[in-house]
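Per-entry structural report
Letter by letter, the chains look like this.
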Amino acid sequence: MKYPNILFDLDNTIFDTKENARLALRKMRIAKTFPFNEDQIHWWFQVNDLLWGQFEDGTITRDQLLDRRFNTFFGKYDIHVDSAKFEEEFQYLFASEHELMPNAINMLDTVSKDHHLFVVSNGTKFKQYTQLDGANITNYFDKIFLSEDIGYKKPDIQFFDAVKADLNENDNSKMLVVGDSLSADIDGANRSHIDSVWYDTEHETNNSEIKPTYTIDGLDELLDVI
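It should be emphasised that the depicted structure is a prediction, and the values quoted were computed from it without experimental measurement.

1. A word on the packing of helix α4 (residues 83-96) against helix α6 (residues 125-134)
- It is the contact of α4 with α6, at a shortest axis distance of 8 Å, that shows an interaxial angle of 25°. When the interaxial angle is binned, α4 and α6 end up roughly parallel. Crossing of α4 over α6 shows right-handed handedness. Between α4, through Gln91, Tyr92, Phe94 and Ala95, and α6, the contact on the second element is made entirely by Phe126, Lys127, Thr130 and Gln131.
- Looking at the contact of α4 with α6, its residues break down into four nonpolar, three polar and one charged.

Next comes the structure, spelled out in structure tokens:
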């Protein structure tokens with residue numbers, strides 16, 4: 001067996017996080033007067049991606065990310081909001097949505113038969129556990145590793161060092177990281193000398209210096225890698 005231990009990111013890898021966010025935003029109380037049309041949703045993802053990038057590179061903390069997200073988003077429309085209250089409402093609604101990426105269940109069914117599967121995520125503890133349980137997929141994973149628990153976040157090498165120490169696994173060749181983020185998942189794997197699979201959900205050309213071991217654009221292709 002080439003990679004007995006598979007380390008999965010969750011957001012935009014197992015979960016269709018963009019769809020889940022879209023559904024949650026349109027269920028917020030303000031949606032009665034603020035439509036969250038496609039242009040507005042697009043702006044939300046721009047703000048969200050920018051802040052998560054800053055969080056991953058250590059420019060801001062998780063609390064700063066959550067505090068700034070709705071203020072930055074609504075600032076474009078000259079709407080003042082109570083960021084903490086909006087974030088609390090959104091987090092509850094967001095965690096309640098658990099749409100999966102195409103072929104996620106079939107892939108997990110197949111891979112879990114002869115591999116050990118683990119979660120490696122920077123997502124919030126409340127959201128990740130709630131969504132895993134809501135989608136009935138918690139049982140596929142031997143253990144869930146979250147940056148909130150570990151104290152380090154991807155791509156920090158110390159995040160993956162903590163995972164390896166917990167698994168008592170010193171042979172990097174027995175592990176494989178699977179994720180959609182070049183800057184978090186793939187860069188983190190590279191820094192830790194672990195092979196990686198970039199799930200290219202946006203069908204983008206990788207012009208960065210961060211190179212995955214493998215690239216797929218569908219979860220069913222992971223079976224050919226392992």
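Moving on from the coordinates now.
2. Brief notes about the nonpolar core
- Ranked by internal contacts, the top residues of the largest apolar core, which has 28 residues, are Phe8, Ile137, Phe141 and Leu222.
- Top contributing element to this core by residue count: helix α5 (residues 104-111), with four residues.
- With residues up to four places along the chain from it excluded, the contact list for Phe8 reads Ile14, Met107, Leu117, Phe118, Val119, Val120, Phe141, Val178 and Leu222.
- Phe36, Leu51, Leu65 and Val81 belong to the second-largest nonpolar core, a separate cluster that totals 25 residues.

3. Considering α4
- Given a rise of 1.5 Å per residue, 14 residues ought to cover 20 Å, and the 20 Å separating the end C-alpha atoms of α4 matches this to within 8%.
- For α4, the full list of buried residues reads Ser83, Phe86, Glu87, Glu89, Phe90, Gln91, Leu93, Phe94 and Ala95.
- Here the buried face of α4 lies against α1 (17-25), α2 (38-56), α3 (62-75) and α6.

Parameters at a glance
Residues numbered from 1 in each chain as written. Predicted model: local features only at pLDDT ≥ 70, side-chain atom pairs only at ≥ 80, totals over all residues. Heavy atoms only, no water. Axes fitted to C-alpha atoms, helices over the stretch in contact; angles between N-to-C directions. Helix = DSSP H or I, 4+ residues; strand = E, 2+ residues; numbered from the N terminus. Parallel < 35°, antiparallel > 145°, perpendicular 65-115°, else oblique. Left-handed = near helix turned anticlockwise from the far one by under 90°. Contact = heavy atoms within 4.5 Å. Nonpolar A, V, L, I, M, F, W, Y, C, P; charged D, E, K, R; others polar. Core = buried A, V, L, I, M, F, W, Y, C linked by side-chain atoms within 4.5 Å. Buried < 20%, exposed > 50% of the residue type's maximum accessible area, 1.4 Å probe, protein only. Expected span 1.5 Å × (residues − 1).

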